[in-house]
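Now for the letters of each chain:
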Amino acid sequence: MATIVFQKMSQLVTDYVLGNSGSILPESPWYMGLSTTVVGSGSNMQRNSVWSATVSGSNVNEIGSTTAAGYARQTIARSIAQGAVDWQASTFDNTFSTGGQSTTADQVTFGAFSGAPSPNGANSWALTGGSTINAGSLYFAADTAATRTFANGDTEKVTATLKAG
Amino acid sequence: MPFYEVIYETGRQSVGQYENDEEALAATGAHHDRAVNGLPGGPVGAPAERVKRILKYDKHPGDWNPTNTLSKDVLMKELDELATAMADENGVVHVGQFAMEVRNLTHPMVQPEGSFDSQYKMKEAAELKLPWAKE
């Protein structure tokens, strides 16, 4: 399963965490979206990819932009282990090459879909900002295990994990 | 198009965008029927969940106060109350923790008080009557 961390996530570390920037701020809340675009290995998503309805280059294309059919982005609160859907307590892996601090969000649920969204076929999920489809900043993304094609009554569950090495 | 917060019997929530109440009820009703009949809830095969409540919003409930602003008067009142609540026995406030609480003033999500309560600060426009709910 391929994953990618986008430029904005790196900028949060350099500007907000290290530099206490007042303009580069974390999202509040975070949003999760489903994309038709595969993460790939450099030929699909890029570190500077942007959301777009236009399927071209390294653009990231969201499902449901023409026909939502029950699709909407899901929120993840900017908190740790509170009552709403948010992030769990982080853990540390001391492995030299692959270690780091990691956290997993509570599972989010998309749907129930009322039919086939257009576009349909989720190949990845992405942590993003804002509720507007095909808009907002991208932070990180990962491929789904297989293409998810949705129909009436379907839901889709996604659990996001970030490991910061 | 309106947004709907779907609250499942498991306590999980999702937000969906539908043309109208009828579409929302048809989609969630189909999912609810799957749960009643022990069927998978989606393409991955996870169990379906019974739908307990559906709350309707004019916009995505995560978009409460998207500008992340408060009026000066409200902010000053909130700051005073926060400082009082967070001060220790010596009247000292941890500035980092205080800053975190200040950021939460405009966060659109809350801890649901009950298993089937909303996780959003935004007040719903309506709650749908579920045809499958027992009277």
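Computed from a predicted structure; not experimentally measured.

## Topic: the packing of aromatic side chains
The full count for this structure, using the stated rule, is five aromatic pairs over all chains. When the ring of tyrosine 71 of chain A is compared with that of phenylalanine 110 of chain A, the centres are 5.8 Å apart and the planes differ by 10 degrees; the resulting orientation is stacked. One end of the pair, tyrosine 71 of chain A, is in the loop between β2 (30-35) and β3 (74-76); the other, phenylalanine 110 of chain A, is in strand β6 (residues 108-111), and 39 residues separate them in sequence. Across the pair, exposure class does not vary: tyrosine 71 of chain A and phenylalanine 110 of chain A are buried alike. On the numbers, 5.6 Å between centres and 65 degrees between planes, the contact of tyrosine 4 of chain B with tyrosine 18 of chain B is edge-to-face. With a gap of 14 residues between them, tyrosine 4 of chain B in strand β1 (residues 3-8) and tyrosine 18 of chain B in the loop between β2 (13-17) and α1 (21-36) connect regions that are remote in the sequence.

## Quick notes on the side chain of asparagine 123 of chain A
All names here are of chain A. You can see asparagine 123 is positioned in strand β7 (residues 122-128). The buried category is assigned to asparagine 123, whose relative accessible area is 18%. Of note is the side chain of asparagine 123, whose polar atom sits 2.5 Å from the side chain of threonine 147. Aside from chain neighbours lying at most four places away, what touches asparagine 123 is Ser35, Thr36, Thr37, Val38, Asp143, Thr144 and Thr147.

## Points about the packing of helix α2 (residues 72-86) of chain B against helix α3 (residues 95-104) of chain B
Residues and elements named next belong to chain B. Between α2 and α3, the shortest axis-to-axis distance is 11 Å and the interhelical angle comes to 140 degrees. Judged by the angle between their axes, α2 and α3 are oblique. Here α2 runs over α3; the crossing is right-handed. Residues Leu79, Leu82, Ala83 and Met86 of α2 pack against Gln97, Phe98, Glu101 and Val102 of α3. Its residues placed into classes, the contact of α2 with α3 shows six nonpolar, one polar and one charged.

## Quick look at the side chain of threonine 36 of chain A
All names here are of chain A. Among the structural elements, threonine 36 can be located in the loop between β2 and β3. Here asparagine 61 takes part through its side chain, which lies 2.7 Å from a polar atom of the side chain of threonine 36. The contact partners of threonine 36, leaving out residues within four places of it in the chain, are Asn61, Ile63, Pro119, Asn120, Gly121 and Asn123.

## Description of the interface of chain B and chain A
Counting residues at the interface gives 34 residues for chain B, matched by 35 residues for chain A. The junction of chain B with chain A conceals about 2600 Å² of combined surface from both sides, 47% of it contributed by carbon and sulfur atoms. Linking glutamate 49 of chain B and lysine 157 of chain A is a salt bridge whose minimum nitrogen-to-oxygen distance equals 2.7 Å. Elements that contribute at least two residues to the side of chain B that touches chain A include exactly β1, β2 and α1 of chain B. A total of seven residues in the side of chain B that touches chain A trace back to one element, the largest contributor, which is α1 of chain B. Its residues placed into classes, the side of chain B that touches chain A shows 15 nonpolar, 13 polar and six charged.

## Quick word on the domain arrangement of chain B
Domain assignment breaks chain B into domain 1 (1-64 + 108-135) and domain 2 (70-105). Distance between the C-alpha centres of domain 1 of chain B and domain 2 of chain B: 35 Å.

## Quick word on the pairing of β2 of chain B
Burial analysis of β2 of chain B places five of its five residues in the buried class, which makes it a mostly covered element. Counting the residues that bridge the hairpin from β1 of chain B to β2 of chain B gives four residues, and of these glycine 11 of chain B lies at a positive phi of roughly 90 degrees.

## Considerations on the sheet that holds β7 of chain A
Residues and elements named next belong to chain A. Taking strand neighbours across the sheet as the criterion, the five strands line up as β1-β8-β7-β2-β3 in an open arrangement whose pairing is antiparallel. The open sheet terminates on both sides in strands that have one partner only, identified here as β1 (3-5) and β3. Each strand of the sheet is rotated relative to its neighbour by a mean of 25 degrees, with strand direction disregarded. Pairing analysis gives five bridges linking β2 to β7, with the strands arranged antiparallel. From the neighbouring strand, serine 35 faces β7, where its bridge partner is serine 124.

## Description of the nonpolar core
Residue and element names in this part refer to chain A. Core analysis: the largest hydrophobic core is formed by 27 residues, its most contacted members being Met32, Leu34, Ile76, Phe110, Trp125 and Phe140. The set of elements that each furnish at least two residues to this core consists of α1 (7-18), β2, β6, β7 and β8 (138-148). Once you skip the residues sitting within four places of it in the chain, leucine 34 turns out to touch Asn61, Glu62, Ile63, Tyr71, Phe110, Ala122, Ser124, Trp125, Phe150, Glu156 and Val158.

## A closer look at the sheet that holds β1 of chain B
All names here are of chain B. Pairing within the open sheet is antiparallel, and its four strands lie in the order β2-β1-β3-β4. Two strands close off the open sheet at either side, each with one partner strand: β2 and β4 (126-127). Sheet topology places β1 next to β2; five bridges connect them, and they run antiparallel. What sits directly across from valine 6, in β2, is serine 14. The sheet strands contacting α1 are β1 and β3 (51-57), and the helix crosses β3 at an angle near 160 degrees.

What counts and what doesn't
- Residues numbered from 1 in each chain as written.
- Chains lettered and ligands numbered in written order.
- Predicted model: local features only at pLDDT ≥ 70, side-chain atom pairs only at ≥ 80, totals over all residues.
- Heavy atoms only, no water.
- Phe/Tyr/Trp six-rings, centres within 6.5 Å; stacked < 30°, edge-to-face > 60°.
- Helix = DSSP H or I, 4+ residues; strand = E, 2+ residues; numbered from the N terminus.
- Buried < 20%, exposed > 50% of the residue type's maximum accessible area, 1.4 Å probe, protein only.
- Polar contact = N/O pair within 3.5 Å; in protein donor to acceptor, adjacent residues only side chain to side chain.
- Contact = heavy atoms within 4.5 Å.
- Axes fitted to C-alpha atoms, helices over the stretch in contact; angles between N-to-C directions.
- Parallel < 35°, antiparallel > 145°, perpendicular 65-115°, else oblique.
- Left-handed = near helix turned anticlockwise from the far one by under 90°.
- Nonpolar A, V, L, I, M, F, W, Y, C, P; charged D, E, K, R; others polar.
- Buried area = accessible area lost by both parts, 1.4 Å probe.
- Salt bridge = Lys/Arg side-chain N within 4 Å of Asp/Glu carboxyl O.
- Domains from an automatic or database assignment.
- Pairing = 2+ DSSP bridges.
- Core = buried A, V, L, I, M, F, W, Y, C linked by side-chain atoms within 4.5 Å.

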